[in-house]
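Examining the three-dimensional arrangement
This is what each chain is made of:
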Amino acid sequence: MPHSVMPHSLRRRHVRRGRMAPIALVLVFGALLAAGAVPRLAQSRARETERTEVNATPTVYTEKVRRDTTGTPFELPGTVTGLHETSIFARANGFVQSLRVDIGSVVRRGDTLVVLDMPEIREQSLQAAAVLEQVEASAALSRATLTRWKQLAAQGVVTPQELDERQAQASVADANVRAARANVANLREVLRFGALTAPFTGLVTARSIDLGSLVVAGAAAGARPLLTLVQTDTLRVMLQVPQSAAPRVRVGLTAQVMAREVGDSAFLGTVVRTAGAIEPGTRTLLTEVHIPNRDRRLLPGMFAQVALSIPSSGASLRIPAIALIVRAEGTLVARVEGDSVQLVPITLGRDFGTTIEVLDGVQAGDNLIVNPAESLASGMRVRPVARGTTKTAEQPAAKSSGKPADKP
């Protein structure tokens, strides 16, 4: 249709379309520009944030070096024994006439354990009594003779030499009487030992005789004890305490004795004495622990573990185990001085698990970085925060390499 004859409404539409086309093109171009600029802006902001984080002073957590004021636990092996243990031997040869106890018998001090028949000693005792009667009669005659000779000497009938001889004979006779009496008393004492009695209250743990058995006197080589007696109401354990803890072991220190065979409960004991000297071969201190055992739950001969809490001397230092830095140059810690880090070498002592003893390199009160980053270096600036305190908007040191401090 020719333009001249186009209706007025169509001409208005064409004009409107012609005007909207440039606007649409501008909008499309703006959208494309925005779509490309937004990612670049986000990347720029991310780089700026990263640059800020890298250049910012990292935050580190610290903990102070403290003196060792806690007790050091020691768990040492030991064998439970009776407070007193003795082997019963015969005083003289004889035969077992009466056996009044057996293994497991509980006896009190003074109770008769065994009665022996000693015929040889009995006959020797009778012979000694007869000899005593003889020497007493001889001594009586010597004294009577001496009395008469003294009267004769006063009259001048006998010489002083003869009087001295009679005096010596009377003295010898008196000495023979005393010797015979001592022999009689000795044999009577030996006969008394025919009844073997308990030297203390305890438990019979061994027996090697029976009725009619021939027993030999004394503990000669090869002779077996008749009985073995053990005191069980109080037991003891001998411990070998290492030299590192020996100076702090004191009489009265509480110990916990555990034997699995009698349950998980611990028996309370007490250190009653120590050897007072270190054994050169093992570098240990012999220590004796006593354990009350009224109910006799613990048995002599048991293996037990004895736990001691050795008090601290207060001279050693402890640091957290997570503060250690192990590198090629040795074991180090990161010490915070003001707002900078110094890596210092240390000498380690005992390992207590979460803490470690330090022998050299740090002092009490020093601030050490815990969980130090691999990138830590001497001179690095940090922001120390005491471990356990609340922080806000802080970045941990492990996420930042930090920047060395400016040197004057």
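Everything here concerns the structure above.
Below or above, wherever it landed, is the structure these notes cover. These numbers come from a predicted model, not from an experiment. (Residues numbered from 1 in each chain as written. Predicted model: local features only at pLDDT ≥ 70, side-chain atom pairs only at ≥ 80, totals over all residues. Heavy atoms only, no water.)

1. Some remarks on the overall build of the protein
In plain terms, the rule: Helix and strand labels come from DSSP, where a helix needs a run of H or I of at least four residues and a strand needs a run of E of at least two; each type is numbered from the N terminus. Only protein chains enter the accessibility calculation, which uses a 1.4 Å probe; a residue whose area is less than 20% of its type maximum is buried, one above 50% is exposed, and one in between is partly exposed. The contact criterion used throughout is that any non-hydrogen atoms of two residues lie within 4.5 Å. Surface exposure here means Shrake-Rupley accessible area, sampled with a 1.4 Å probe, where a residue is shielded only by the protein chains that are shown.
Broken down by element type, the protein carries three helices and 24 strands. Scored against the burial criterion, the 408 residues of the protein give a buried share of 32%. Long-range pairs, those at least 24 residues apart, make up 76% of the contacts in the protein with a sequence separation of at least 6. When the accessible surface of the protein is split by element, carbon and sulfur atoms take 55% of a total near 25,000 Å².

2. Quick notes on the packing of helix α2 (residues 119-155) against helix α3 (residues 160-192)
Rules: Here an axis means a line fitted to C-alpha atoms, over the contact stretch when the element is a helix, while the angle between two N-to-C directions is reported on a 0 to 180 degree scale. Here the word oblique covers every angle except those under 35 degrees (roughly parallel), over 145 (roughly antiparallel) and from 65 to 115 (roughly perpendicular). Working rule for handedness: look at the near helix, and if it is turned counterclockwise from the far one by less than a right angle, call the crossing left-handed; if clockwise, right-handed. Here the nonpolar group is Ala, Val, Leu, Ile, Met, Phe, Trp, Tyr, Cys and Pro; Asp, Glu, Lys and Arg are the charged ones; every other residue, Gly included, is treated as polar.
For the pair α2 and α3, interaxial distance at closest approach is 8 Å and the crossing angle is 160°. As summarised for this structure, α2 and α3 are arranged roughly antiparallel, according to the angle between their axes. Relative to α3, α2 is oriented so that their crossing is left-handed. When its residues are assigned to classes, the contact of α2 with α3 shows 18 nonpolar, nine polar and nine charged.

3. Quick look at unusual backbone geometry
Look at R283: it is not a glycine, yet its phi comes out positive at around 55°. Examined against the element boundaries, R283 turns out to sit in the loop between β14 (267-279) and β15 (284-292). Phi is positive for N371, which is not a glycine, with a value near 50°.

4. Quick word on the environment of A140
Its place among the elements puts A140 in helix α2. The exposure class assigned to A140 is partly exposed, which follows from its relative accessible area of 37%. A140 sits 30 residues away from A170 along the chain, and the two C-alpha atoms are 8.4 Å apart.

5. Concerning the pairing of strand β21 (residues 347-351)
The line we're drawing: Two strands qualify as a pair provided DSSP detects at least 2 bridges between them.
Examined bridge by bridge, β21 and strand β22 (residues 355-360) share three bridges and lie antiparallel to one another. By the bridge assignment, D351 is partnered in β22 with I356. The hairpin formed by β21 and β22 contains three residues between the paired strands, and G353 there has a positive phi angle of roughly 95°.

6. Quick word on the environment of D68
By the secondary structure assignment, D68 is in the loop between β2 (66-67) and β3 (72-82). For D68, a relative accessible area of 1% gives the class buried.

7. A look at the sheet that holds strand β7 (residues 112-117)
The strands that make up a sheet pair up through hydrogen bonds in the backbone, lying either parallel or antiparallel. If you walk across this open sheet you meet the four strands as β8-β7-β5-β10, and the pairing is antiparallel. Each having just a single partner strand, β8 (195-197) and β10 (214-215) make up the two edges of the open sheet.

8. Side note on the nonpolar core
Nonpolar side chains in soluble globular proteins generally cluster together in the buried interior. As a reminder, the rule being used: Grouping buried Ala, Val, Leu, Ile, Met, Phe, Trp, Tyr and Cys residues that are joined through side-chain atoms within 4.5 Å yields what is termed a nonpolar core.
In terms of nonpolar packing, the biggest core is built from 30 residues, with V107, L113, V114, L116, V215, L226 and L227 touching the most fellow members. Elements with a minimum of two residues in this core: β7, α2, α3 and β11 (227-230). Broken down by element, this core gets its largest block of residues, six residues, from α3. Excluding anything up to four places from it in sequence, V215 contacts A90, A92, N93, G94, V96, L116, I209 and L226. F74, V249, V257 and V306 belong to the second-largest nonpolar core, a separate cluster that totals 26 residues.

9. A word on α2
Where we set the bar: Here the expected length of a helix is defined as 1.5 Å per residue gap, with one fewer gap than residues.
Look at α2: 55 Å from first C-alpha to last across 37 residues, which is about the 54 Å you get at 1.5 Å a residue. Along α2, the positions that sit buried rather than exposed are I121, S125, A128, L132, V135, A139, S142, T145, L146 and W149. Buried residues in α2 make contact with α3. Phi for G156, located one or two positions after α2, is positive at around 80°.

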